[in-house]
Amino acid sequence: MSPITSPSTILVTGGTGYVGAWVITTLLARGHTVKAAVRSAEKGASLKSHLLKHINEEGGKKDSDDIALDIVVIADIVKDGAFDEAILGVDAVVHVASPAPNPSSMDPQETIQPAVGGTLGVLNSALRSSYKLKRIVITSSVATVWTPGPGARTFSEADWNTNLVSELEKLGSKTHPHIVCAASKVLAEKAALEFYNTHKSEVQWDISIINPPLIFGPAIQTPKSASDLPTTLKLWWDSVVEFSSKPGPLSTPNGWVDVRDIAEAHVRAMETEAAGGERIIVAEGTFFLNEWLDLANKAGAEFYPARAFSKGTAETTKDELAPDIYYNTAKEKRILGIKYRTKEETTRDTLRWAAERNL
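Residue numbers restart at each chain and count upward from 1, following the sequence in its written direction. This being a predicted model, a pLDDT of at least 70 is required before a residue's local features are given, and a value of 80 or more before pairs of side-chain atoms are given or counted; all residues contribute to the totals for chains, interfaces and linings. With hydrogens and water excluded, all non-hydrogen atoms of the structure serve as input to the side-chain values.

- Within an unreviewed UniProt entry, the label attached to the chain reads D-lactaldehyde dehydrogenase, and the organism entered is Ephemerocybe angulata.
- Listed in UniProt under the heading Sequence similarities (unreviewed entry), the comment for the chain reads: "Belongs to the NAD(P)-dependent epimerase/dehydratase family. Dihydroflavonol-4-reductase subfamily." UniProt positions are given in the numbering used here, feature names are shortened, and annotations may be inferred rather than shown by experiment.

## With respect to the sheet that holds strand β11 (residues 285-287)
Turning to step 1, where the next piece is worked out: Ordered by their spatial adjacency, three strands build an open sheet running β8-β9-β11, and the pairing between neighbours is mixed. Two strands bound the open sheet, and with one partner strand each, they are β8 (214-216) and β11. The sheet shows a mean angle of 55° between the axes of neighbouring strands, taken without regard to direction.
Turning to step 2, where the next piece is worked out: Relative to strand β9 (residues 254-258), β8 runs parallel, the two being bridged by three bridges. For two strands to pair, DSSP has to find at least two bridges joining them. Comment: elements are numbered from the N terminus, with helices defined as DSSP H or I runs of at least four residues and strands as E runs of at least two. A fitted line through C-alpha atoms serves as each axis, taken over the contacting stretch for helices, and the angle formed by two N-to-C directions is quoted from 0 to 180°.

## As for the sheet that holds strand β1 (residues 9-13)
Turning to step 1, where the next piece is worked out: If you trace the seven strands from one edge of the open sheet to the other, you get β3-β2-β1-β4-β5-β7-β10, paired in parallel fashion. A strand with exactly one partner marks an edge of an open sheet, and here the two such strands are β3 (69-73) and β10 (279-281). For this sheet, the mean inter-axis angle between neighbouring strands, taken without regard to orientation, is 20°.
Turning to step 2, where the next piece is worked out: When β1 meets strand β2 (residues 33-38), the two strands line up parallel, connected through five bridges. Looking at the pairing, Thr9 lines up with Thr33 of β2.
Turning to step 3, where the next piece is worked out: The sheet strands contacting helix α1 (residues 18-29) are β1, β2, β3 and β4 (92-95), and the helix crosses β1 at an angle near 170°.
Turning to step 4, where the next piece is worked out: Residue contacts follow a heavy-atom distance rule, with two residues in contact if any of their heavy atoms lie within 4.5 Å. Of the strands in this sheet, β1, β4, β5 (135-139) and β7 (206-211) are in contact with helix α7 (residues 259-271), which crosses β5 at around 155°.

Okay, here's the thing in structure tokens:
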């Protein structure tokens, strides 16, 4: 499959989300024209406003007419033919949209149906409607490769998590929302691969799947308060900035990546011929909570001088004895070659971003 070169026209789903907004920012910086699929015109207007503000903060001098961004309203992404019109004339699709778990819902299908149905909706529209499409990049997760177990473990693209769907089938409406969300990633990715393998002889495009771990770093959008931060960024904020002595969600070592690097990975997967047909783990490495706490102490003195940042406790030190989770990123290095931001860079940039927005 020939690579995508600039300028091209790219459809991005989930553009109002944490990752999607950075994907759009990266594409625009490359000189591409972006069609952003959003749920409502109001969300589209807000996205464009935040993107413009970010571009000008970075030294650009643009108004809304200078941004090569078209807003496409798709209120229901699982509706048959939802993407038929939006996909016409595009060179590539970056499908980021996926539902967040709803803690108040007892029905796992409220998460699974849009995750699987939205992905298959994009692929069906591509099968029916596109004449120049070359690649579809799909956001998945390392939840599809990681399986809990004792001892230090390293996971690669050859692995599949088989536990999540089994647990979902067993527990039904009693399944924890985080398990439901992770299971939806497994089901959506497998559905995408099955669809592509069934129809690849009929199409001129291919797919590439990006599997990130926990994603941290500054957001394009400005939240009203820290409680409105994107899901994984809020996990970082609650564990590192609003730290309590009790073990938090990041107290177990896990993989991570900066949101700007994962956006870059999506764009490179779109541009790079060798990424076609591949699932690619994109991770900077493994973290321990105390690393984040130490770095926040150093950077916090500059950006939040009146605030006391925790240095951790004996409880948080236990995480350094917990089983390590590692991801084999040899494929990413070979195909995409991302130069990752460090934990220190991500911490400083996040605290600077938050302080500037009075969070």
